[in-house]
Amino acid sequence: MFANVNHNSKSQLAKLLAAENITVQHVAGQKTAWFDVKNRVLSLPIWKEMSVDLYDMLVIHEVGHALDTPNDAWAKALKTLGEKYKSTGNVKGFMNIIEDARIDRRQKIRYPGSRRNYVKGYKELIDQNFFGTVGEDVNKYGFIDRANIYFKGGAMLGIKFTSEEKAFLKKMDTTETFDDVVALTDEIYAWSKAKKQEEMEQQHDDIMSEEFESEDMDFDAGDSNDWEDDDDIDADDADADADGDDEGDEADTEETDGEGDEEADGSSDEEVESNNGKKTSGHEDGDNTEEPEAKTEKAWEDRVEDLLANGDTVYHYVKLPEFDISKIVTGQKAVHSAVAAQYRQYSPSLVEKVTDELTKFKSEENQNISFMIKEFEMKKRADEYARTSINKTGVIDVNKLFSYKYNEDLFRRNSVVRTGKNHGFVMFVDWSGSMYNNLEKTMKQLFSLVWFCKRSAIPFEVYSFRNPRRDEDDQARYTKGEGILKPGAKVVLREFLNSNMAISEMNAAMVNLLCLAKNWIGGGVEPMTGTPLLEAMTIAPEIIEAFQKKNRVQIVNTIFLTDGAGGSFQTPDTTYMEYGKKNVVILQDAKTGKSYEVSRSTRPSRWLPYATLHRILLQRIKDRTGCNVIGFYLANGTFTRAYREITGSYNKGGEAYDTARKSWRNEKFFETNGIGYDSFYVVDTSSMKNHADDLEVNSSMTKAKIAKNFSKFNSSKKINRVLLRNFIEKIAA
């Protein structure tokens, strides 16, 4: 049943077959699969019932058209032949059948495993009377219809062809280019039209003979409609052979010797040739002459509509808006120039105070960072050792010759170390009003991470994201139009720090950031506004891709740090959501060609579900860039409140709950998954101290007290700097 078919998996099948990231859409009400060659969009119908083999066969068939059927040439050929025979509709049926035979044969050669899908798929169509052949004698059909059923797996039905028809059949089975298809369509249509004319004349003669029968007029009605039974095409040679015999792609065109080799209407080959395309009676061209028709093709077009889904499911395909990164992102030089000017003017004493504080903090952190770098290098060496393989060279090591009597291993060895991955990070910091209470702690955590990366030569970039001020509104524009989602808010990104800054430049930038954290000036150059998290995630892939290209890093760790959720998207105004029907919203990424199901509801809302879209945008970042995505959530309050905010669960207890609670109590954060991040840390902001407590030791303390204080001091060193500690864990492995 079609309901069990996974749309995304079938979309991936189509892309794999096409060897490109074509866009795949499922369109309600569409009669059959169709490919837009220009825009590279494969549209598939929604069926009531369909087996997996039939579905796969249709996908394989339509991808064949995508690869081999030239759209413009098809339209031009149809127009030319339609005008020539004054019957575009009938010519189209012939050309469809001949082109389908070419496409199916080429696809079976490309993908031999598809033969089974073709056999079973077309058998299902024939059995369900898609071609109007159930209960009918196919051998009474015209050549083009018999050929259609034959190539679609009907050879086992005992379809018969005359020797002349076999020649056409062989040509259909050997067409290579679309030009071959056009030429053969012209040839077969002209021949079929002449045959139709002969049949009409024969019918006229039969009528005349009946009128004069009472006068004993003896008219020869022609030879009987005998088929060349001795020259039948062997069904075992047909491609539709149920066992998928590869030799069934070509029709048997061998002619037999002897008598009886006449056409079904009694005309010999020479007579047909002499009459082909010529008037054989008093008719004018086109007068009283019925054009040949592909009945099976017409039956397909009529029948396929009956099997379409009844419209209970409606698919809406949408895409994200595009943002002008050059306007939305402000570089660090412009940012810090404005911030420095602001504080020099309004609070010069704060700048002096913060400068002294930052100098002291950096001095305190240097020792701890040196310790962490040493620990980091040890982990890297352990990882390098795991990647090292030692091989014998086959060359004798002269330094071992003295031990030849008791040592069999006298050969030199080579140590081969497989290259490790180089890392970098891009960080997006929530710059909303609610972050202000935790901003100083967050900035100092960030500074520790930046100093570590700077000394370890790890490239990085740090941005804030927020809603724009009124004067920034124009630069935050995004594309609008049909099928484009509408963001709930605009967003701007401000570059705060990067690894290419000089030490003096970075120190000055940190002073600016600490000034903002200690004494944010309302209405100033860096206002703390809303949390357009989803909008920032939409822009993130382009920033990460540029970072990868510039720094040539293999693994990027993308970090989102926020104290809440924010942002949203609406469906486009042109998207009509139908109540009572199952509305499925599919987000498609033009660059990767991937599709993501955003919502599925009979009571749809124009606002898309936040949690689902949040996961999809994170997955889109990973699909576009291949990076790791790490989340830090700054939680104010108790563990129960934090756990409920993130997991949505009000239930206490259980393994996950108990593990998270233990981690929260001992390490002041807990890690969770299931919301789209590779790692997601919920941090207790009350524990985000900027430095470890001093180690208290004096002569009056007992050994047990000193040991306890040392353990507490050592533990606090581990708990503090949660950003840095977890980042090191990620990049050391």
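Conventions and cut-offs
- Residues numbered from 1 in each chain as written.
- Predicted model: local features only at pLDDT ≥ 70, side-chain atom pairs only at ≥ 80, totals over all residues.
- Heavy atoms only, no water.
- Helix = DSSP H or I, 4+ residues; strand = E, 2+ residues; numbered from the N terminus.
- Buried < 20%, exposed > 50% of the residue type's maximum accessible area, 1.4 Å probe, protein only.
- Contact = heavy atoms within 4.5 Å.
- Areas by Shrake-Rupley, 256 points an atom, 1.4 Å probe, with all protein chains shown as cover.
- Pairing = 2+ DSSP bridges.
- Axes fitted to C-alpha atoms, helices over the stretch in contact; angles between N-to-C directions.
- Patch = residues over 30% accessible without salt bridge, like charges linked within 9 Å, V, L, I, M, F, W, Y side chains within 5 Å.
- Salt bridge = Lys/Arg side-chain N within 4 Å of Asp/Glu carboxyl O.
- Lys, Arg positive; Asp, Glu negative; His and termini not counted.
- Charge placed at Lys NZ, Arg CZ, Asp CG, Glu CD.
- pLDDT = per-residue confidence, 0-100.
- Expected span 1.5 Å × (residues − 1).
- Parallel < 35°, antiparallel > 145°, perpendicular 65-115°, else oblique.
- Nonpolar A, V, L, I, M, F, W, Y, C, P; charged D, E, K, R; others polar.
- Core = buried A, V, L, I, M, F, W, Y, C linked by side-chain atoms within 4.5 Å.
- Phe/Tyr/Trp six-rings, centres within 6.5 Å; stacked < 30°, edge-to-face > 60°.
- Lys NZ or Arg CZ within 6 Å of the ring centre and 35° of its normal.
- Polar contact = N/O pair within 3.5 Å; in protein donor to acceptor, adjacent residues only side chain to side chain.

Caption draft 1: Highlighting the overall build of the chain. A count of helices and strands for the chain gives 21 helices and 18 strands. Buried residues in the chain amount to 49% of all 733 residues. Partitioning the intrachain contacts of the chain with sequence separation of at least 6 by distance along the chain shows that 75% fall at a separation of at least 24. Counting only carbon and sulfur atoms, one obtains 47% of the accessible surface of the chain, whose full area is about 36800 Å².

Caption draft 2: Geometry of the sheet that holds strand β14 (residues 582–588). Read across the open sheet, the three strands follow the order β4-β14-β15; overall the sheet is mixed. The strands lining the two open edges of the sheet, one partner per strand, are β4 (313–318) and β15 (595–601). Neighbouring strand axes in the sheet, compared pairwise and without regard to direction, differ in orientation by 20° on average. Pairing of β4 with β14, which is carried by six bridges, proceeds in the parallel orientation. What sits directly across from V318, in β14, is L587. Against the sheet, helix α17 (residues 610–625) engages β14 and β15, with an angle of about 170° to β15.

Caption draft 3: Seen up close, a positive patch on the surface. Taken together, the side chains of R644, K652, R661, K662 and R665 present a region of like positive charge at the surface. Examining the composition of the positive patch, we find that three residues originate from one element, helix α19 (residues 655–667), more than from any other. Topologically, K652 is positioned in the loop between α18 (639–647) and α19. Take K652: its relative accessible area is 62%, and that puts it in the exposed class.

Caption draft 4: Layout of the pattern of salt bridges. If you walk through the whole model with that rule in mind, you get 34 salt bridges. With a shortest N-O distance of 3.4 Å, R477 and D474 are connected by a salt bridge. There is no split in this pair, since R477 and D474 are both exposed. Of the charged contacts, one joins D589 and R624 as a salt bridge, the two residues approaching to 3.4 Å between their closest N and O atoms. Separated by 35 residues along the polypeptide, D589 in the loop between β14 and β15 and R624 in helix α17 bring together distant segments of the chain. Classification of D589 as buried rests on a relative accessible area of 7%. Among the ionic contacts, a cluster of salt bridges with common partners joins R466, R469, D471, E472, R494 and E526.

Caption draft 5: Structural detail: the sheet that holds strand β17 (residues 669–672). Reading across the sheet, the eight strands line up as β5-β11-β9-β8-β12-β16-β18-β17 and stay open at both edges, with mixed pairing between neighbours. Of all the strands in the sheet, the pair left with one neighbour each is β5 (329–330) and β17. Contacts from α19 reach β16 (628–635), β17 and β18 (679–684) within the one sheet, and its direction differs from that of β17 by about 145°.

Caption draft 6: View of the confidence of the model for the chain. Averaged over every residue, the pLDDT of the chain is 78; residues scoring 70 or more account for 73%. Segment residues 217–288: pLDDT under 50, and 115 contacts once partners within four positions in sequence are set aside and those in other chains are kept. Contacts from residues 415–420, a stretch scored under 50 in pLDDT, to residues over four places away or in other chains number 15 contacts.

Caption draft 7: Expanded view of the environment of R615. If you trace the backbone, R615 turns up in helix α17. Setting aside chain neighbours within four positions, we find R615 in contact with G674, I675 and G676.

Caption draft 8: View of helix α14 (residues 439–455). Counted at 1.5 Å a residue, the expected span for α14 with its 17 residues is 24 Å, and the 24 Å between its end C-alpha atoms agrees. For α14, the tally of buried residues reaches 13 of 17 residues, placing the bulk of the element in the interior. Looking one or two residues beyond α14, the residue adopting positive phi is A457, at roughly 60°.

Caption draft 9: Representation of unusual backbone geometry within the structure. Notably, K86 is not glycine yet its phi reads approximately 55°, a positive angle. Given a relative accessible area of 74%, K86 falls into the exposed group. In this structure, A457 takes a positive phi of about 60° despite not being glycine.

Caption draft 10: Main features of the packing of helix α2 (residues 52–68) against helix α4 (residues 88–110). Two elements in contact, α2 and α4, have axes separated by 9 Å at closest approach and are oriented at 100°. With respect to α4, the axis of α2 lies roughly perpendicular. Residues I60, H61, V63, G64, H65, L67 and D68 of α2 form the contact with α4, whose participating residues are E99, D100, R102, I103, D104, R106, Q107 and R110. For the contact of α2 with α4, a count of residues per class yields four nonpolar, four polar and seven charged.

Caption draft 11: Representation of the nonpolar core within the structure. Formed by 56 residues in total, the largest nonpolar core has its most connected members in F425, M427, M443, F447, F452, V462 and L497. If we skip the residues at most four places from it in the chain, F452 touches I369, M372, I373, F376, I458, L724, I728 and I731. Of all hydrophobic cores here, the second largest spans 53 residues; its members include A101, V138, F161 and W191.

Caption draft 12: Local environment of the environment of A73. Within the element layout of this structure, A73 appears in helix α3 (residues 71–85). By relative accessible area, A73 is classed as partly exposed at 30%.

Caption draft 13: Here's a closer look at the packing of aromatic side chains. Summed over all chains, the structure comprises 32 aromatic pairs. Relative to F161, the ring of F143 lies with its centre 6.1 Å away and its plane at 75°, an arrangement referred to as edge-to-face. Here F161 lies in the loop between α6 (143–154) and α7 (163–172) and F143 lies in helix α6, a separation of 18 residues in the sequence. Take F143 and F161: they sit in the same class, and that class is buried. Counting every residue linked through ring pairs, the aromatic cluster contains F143, Y150, F151, F161, F168 and W191. Its guanidinium or amino end placed over the ring of Y118, K108 lies 5.1 Å from that ring's centre, counting from NZ or CZ.

Caption draft 14: Expanded view of the pairing of β14. For β14, the buried fraction is high: six of the seven residues fall into the buried class. One ladder, built from six bridges, connects β14 with β15; its direction is antiparallel. Note that in β15 the partner of V585 across the bridge is S599. Counted between consecutive antiparallel strands, the loop separating β14 from β15 contains six residues, among which G593 sits at a positive phi close to 75°.

Caption draft 15: Summary view of the packing of α4 against helix α10 (residues 295–304). At a closest axis distance of 9 Å, the pairing of α4 and α10 adopts a crossing angle of 90°. Relative to α10, α4 is oriented roughly perpendicular. On α10, the residues touching G93, N96 and I97 of α4 are T296, E297 and E301. Considered class by class, the residues forming the contact of α4 with α10 number one nonpolar, three polar and two charged.

Caption draft 16: Focus on the side chain of S679. Mapped onto the fold, S679 is located in strand β18. Looking at S679, the relative accessible area reads 1%, which means it is buried. In contact with S679, not counting residues within four places along its chain, are V629, I630, G631, E671 and K730.

Caption draft 17: Up close: α17. For α17, with 16 residues, the first-to-last C-alpha span of 22 Å sits near the 22 Å given by 1.5 Å per residue. Along α17, the residues classified as buried are L613, H614, I616, L617, L618, R620, I621, K622, R624 and T625.

Caption draft 18: Up close: the side chain of D430. For D430, the location among the structural elements is in strand β8 (residues 423–430). For the buried residue D430, which engages in no salt bridge, the nearest side chain bearing the opposite charge is R466, 9.7 Å off. Polar side-chain contacts of D430 include one of 3.0 Å to the side chain of S432. Within polar-contact distance, the side chain of D430 engages the side chain of T562 at 2.8 Å.

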